[in-house]
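Here is how the chains run, residue by residue.
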Amino acid sequence: MSPAVAIPLALAVALFAVTATFALARLRGRYDTIDTTWGAGFALIAAVSFATGRTGALPAALVVVWGIRLAVHLHRRNAGLPEDPRYVEMAARARRFPALRMFVRVYLVQGVVMWFVALPVLFAGPGIGVFSAVGAAVWAVGMFFEAVGDEQLRRFRADPANAGRVLDRGLWRYTRHPNYFGDACVWWGVYLMACQHWPGPLVVLSPLLMTWLLARGTGKPLLERRLRERRPEYAAYVERTSGFLPLPPKRR
């Protein structure tokens, strides 16, 4: 399948995923249902691209593994908790047609971003070479940081003794966001795998966008703003701990 067909097909898959999720979210009465689809949507794009012969087995499998793990993790994290305050506040600010506003500003936007970030998957063809091997290694590093970081945070939150405290052990001792750093590495790894075949190198804006969103956009800044307001220890944690890249903590 040529890129001229694969690219719009991936966009259609992404938009279908978020539209179906929006219908489910309306039935559940929870807009944060989109969190689960964020990972699952990437897996679906990779699976469809592999099924049409566009994506190689290895890159498709790595994206599916990453996407399904993230979807399961976010679904479990949200289960039993109230609606995410971000979505509640956004819906409350919509004086007219709140559902339509949420669909356009949250679901459609995430669908387009999902499609754009996933473009390297469409250029990561079959075969193993130097770029594919290095990309798979970078993906593995990212998967380790993301999965282990998420699990360390889950266990920390599950202990009532840690209520109101800041996790500064394990991977969280070296970076305030090991899961975000891992997420970025995953997509730089997929991009390197795409570089094995021309014109894969041209989609470099995809991992750049994902990294920017995590480090400067809707990821790290919004999360840290809430943590500073709710946890007094967080300011000191910020002073001694790297914001994104894993680094030794600063001595106070």
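Residues numbered from 1 in each chain as written. Predicted model: local features only at pLDDT ≥ 70, side-chain atom pairs only at ≥ 80, totals over all residues. Heavy atoms only, no water.

Trainee: Help me understand the overall build of the chain, please; the structure alone is not making it clear to me.
Mentor: Looking only at helices and strands, one finds eleven helices and zero strands in the chain. Counted from the first residue to the last, the chain has its helices and strands arranged as α-α-α-α-α-α-α-α-α-α-α. With respect to the principal axes defined by its C-alpha atoms, the chain has extents near 55 × 50 × 25 Å. For the chain, the residues scored as buried account for 48% of the 252 residues in total. Accessible surface, the chain: about 12,900 Å² in total, of which carbon and sulfur atoms supply 66%. (Helix = DSSP H or I, 4+ residues; strand = E, 2+ residues; numbered from the N terminus. Buried < 20%, exposed > 50% of the residue type's maximum accessible area, 1.4 Å probe, protein only. Areas by Shrake-Rupley, 256 points an atom, 1.4 Å probe, with all protein chains shown as cover.)

Trainee: What is the right way to look at the side chain of Thr 33 in this model?
Mentor: Relative to the elements of secondary structure, Thr 33 occurs in the loop between helix H1 (3-28) and helix H2 (34-51). Given a relative accessible area of 7%, Thr 33 falls into the buried group. Setting aside chain neighbours within four positions, we find Thr 33 in contact with Thr 21, Leu 24, Ala 25, Arg 28 and Tyr 107. (Contact = heavy atoms within 4.5 Å.)

Trainee: Looking at this model, I keep getting lost on unusual backbone geometry. Mind explaining?
Mentor: Of all residues except glycine, most have a negative phi; of all peptide bonds, most are trans. For the peptide bond that leads from Trp 198 to Pro 199, omega is 10°, which places it in the cis range. By the secondary structure assignment, Pro 199 is in the loop between helix H8 (178-194) and helix H9 (205-215). Unlike most non-glycine residues, Phe 97 shows phi in positive territory, near 50°. Assignment of secondary structure puts Phe 97 in the loop between helix H4 (85-93) and helix H5 (98-117).

Trainee: Help me understand the packing of aromatic side chains, please; the structure alone is not making it clear to me.
Mentor: The way to describe two aromatic rings as a pair is by their centre distance and the angle between their planes. Evaluation of the coordinates by the stated rule reveals 13 aromatic pairs. Their ring planes at 80° and their centres at 5.2 Å tell us that Phe 22 and Tyr 107 sit as a pair that is edge-to-face. Highlighted residues: Phe 22 in helix H1 and Tyr 107 in helix H5, separated in sequence by 85 residues. You can call Phe 22 buried: its relative accessible area is 14%. Through successive ring pairs, a cluster of aromatic residues spans Phe 22, Tyr 31, Phe 103 and Tyr 107. One cation-aromatic arrangement involves Arg 54 over Phe 123; the distance from NZ or CZ to the ring centre is 5.4 Å. (Phe/Tyr/Trp six-rings, centres within 6.5 Å; stacked < 30°, edge-to-face > 60°. Lys NZ or Arg CZ within 6 Å of the ring centre and 35° of its normal.)

Trainee: Got a minute to help me understand H4 in this structure?
Mentor: One turn of an α-helix holds 3.6 residues; hence residues three or four places apart share an orientation. All buried positions along H4 are accounted for by Tyr 87, Met 90 and Ala 91. End-on view of H4: buried residues confined to an arc of 95°, all on one side of the axis. Those residues of H4 that are buried lie in contact with H2 and H5. (Arc of directions from axis to C-beta.)

Trainee: What is the right way to look at the nonpolar core in this model?
Mentor: Across soluble globular proteins, you tend to see nonpolar side chains buried next to one another. Tyr 31, Phe 42, Ile 45, Trp 66, Tyr 107 and Trp 187 are the most contacted members of the largest nonpolar core, which totals 56 residues. Top element by residues in this core is H8. It accounts for ten residues. For Phe 42, the contacting residues outside a window of four places in its chain are Val 63, Trp 66, Met 114, Val 117, Ala 118, Trp 187 and Met 210. Counting nine residues, the second largest nonpolar core, distinct from the first, contains Leu 153, Val 166, Trp 172 and Tyr 237. (Core = buried A, V, L, I, M, F, W, Y, C linked by side-chain atoms within 4.5 Å.)

Trainee: Could you clarify how one ought to interpret the pattern of salt bridges in this entry?
Mentor: When charged atoms on two side chains of opposite charge get close, those side chains can pair. In this structure the tally under the stated criterion is seven salt bridges. Residue Asp 35 pairs with Arg 77 through a salt bridge whose shortest N-O separation is 3.8 Å. Residue Asp 35 is found in helix H2, and its partner Arg 77 is found in helix H3 (residues 57-78); the two are separated by 42 residues along the sequence. Its relative accessible area of 8% is what places Asp 35 among the buried residues. Among the salt bridges present, the one from Glu 146 reaches Arg 69, with a minimum N-O distance of 3.5 Å. You can see Glu 146 sitting in helix H7 (residues 130-158) and its partner Arg 69 sitting in helix H3, a full 77 residues away along the chain. The same class applies to Glu 146 as to Arg 69, namely buried. Look at the salt bridges and you will find they share partners, linking Arg 69, Glu 146 and Asp 150 into a network. (Salt bridge = Lys/Arg side-chain N within 4 Å of Asp/Glu carboxyl O.)

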